[in-house]
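# Structural description and commentary
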Amino acid sequence: MPGSMPMIETDAVRALVDIGFIALSRGLDRHAEAIFDGVTAARPDGEAGPLGMALVALLRSDADRAVKLLRTLPPSDPVRLFLGMALLRRGDRADAARI
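Heads up: these notes are all about the structure in this document. (Residues numbered from 1 in each chain as written. Predicted model: local features only at pLDDT ≥ 70, side-chain atom pairs only at ≥ 80, totals over all residues. Heavy atoms only, no water.)

It is worth spelling out the overall build of the protein at this point. Secondary structure summary: the protein contains six helices and zero strands in total. When the helices and strands of the protein are listed from N to C terminus, the series reads α-α-α-α-α-α. Summarising its shape, the C-alpha atoms of the protein cover approximately 50 × 30 × 20 Å along the three principal directions. For the protein, the residues scored as buried account for 33% of the 99 residues in total. Counted over contacts in the protein with a minimum sequence separation of 6, partners at least 24 positions apart contribute 39%. (Helix = DSSP H or I, 4+ residues; strand = E, 2+ residues; numbered from the N terminus. Buried < 20%, exposed > 50% of the residue type's maximum accessible area, 1.4 Å probe, protein only. Contact = heavy atoms within 4.5 Å.)

What follows is the structure, encoded as structure tokens:
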């Protein structure tokens, strides 16, 4: 299509997700946020971008935002894991245990 963005290869998106997680592990939340924004743009129906953004929110001690982001996603194993962690961080032990 004229004027449309070129499709990013699946391997490239996976590499970006890996780099985003590495950035998170190093405390580079602004870098991780930019990376996961790009992943979300490349794969708007995927869970990796929003999942990464939820982890950025957790790194920033914003469990409410993380819970909100994670609850918009279908309940896969990774989403449920991080939702449970975010709920615990927020102090919602009963909801976290249920998840």
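Before going further, it helps to examine the environment of aspartate 18. By the element assignment, aspartate 18 lies in helix 1 (residues 10–25). The spacing of aspartate 18 and isoleucine 35 is 17 residues in sequence and 9.8 Å in space, taken between C-alpha atoms.

Time to look at the packing of helix 4 (residues 63–70) against helix 5 (residues 77–90). Between two packed helices, both the angle of their axes relative to each other and the distance between the axes serve to describe the pair. The geometry of helix 4 relative to helix 5 is characterised by a closest axis approach of 9 Å and an angle of 150° between their N-to-C directions. Our classification of the angle between helix 4 and helix 5 gives roughly antiparallel. Relative to helix 5, the crossing made by helix 4 is left-handed. Here helix 4 contributes Ala63, Asp64, Ala66, Val67 and Leu70 to the contact with helix 5, which in turn contributes Val79, Phe82, Leu83, Ala86, Leu87, Arg89 and Arg90. Of the residues contributing to the contact of helix 4 with helix 5, the split by class is nine nonpolar, no polar and three charged. (Axes fitted to C-alpha atoms, helices over the stretch in contact; angles between N-to-C directions. Parallel < 35°, antiparallel > 145°, perpendicular 65-115°, else oblique. Left-handed = near helix turned anticlockwise from the far one by under 90°. Nonpolar A, V, L, I, M, F, W, Y, C, P; charged D, E, K, R; others polar.)

It is worth spelling out the pattern of salt bridges at this point. Going through the model one piece at a time under the given rule, you end up with six salt bridges. Measuring nitrogen to oxygen at the nearest pair gives 3.1 Å for the salt bridge that ties arginine 14 to aspartate 11. Highlighted residues: arginine 14 and aspartate 11, both in helix 1, separated by three residues, approximately one helical turn. By relative accessible area, which is 58% here, aspartate 11 ends up exposed. Here aspartate 64 and arginine 90 are joined by a salt bridge, their closest N and O atoms 3.5 Å apart. Here aspartate 64, found in helix 4, pairs with arginine 90, found in helix 5; they are 26 residues apart in sequence, far enough to count as distant. Taking the relative accessible area as the measure of exposure, arginine 90 reaches 32% and is therefore partly exposed. (Salt bridge = Lys/Arg side-chain N within 4 Å of Asp/Glu carboxyl O.)

For helix 4, the complete set of buried residues consists of Ala63, Ala66, Val67, Leu69 and Leu70. Down the axis of helix 4, the buried side of the element spans an arc of 165°, and every buried residue falls inside it. (Arc of directions from axis to C-beta.)

In short, shape yes, function no, at least from these values alone.
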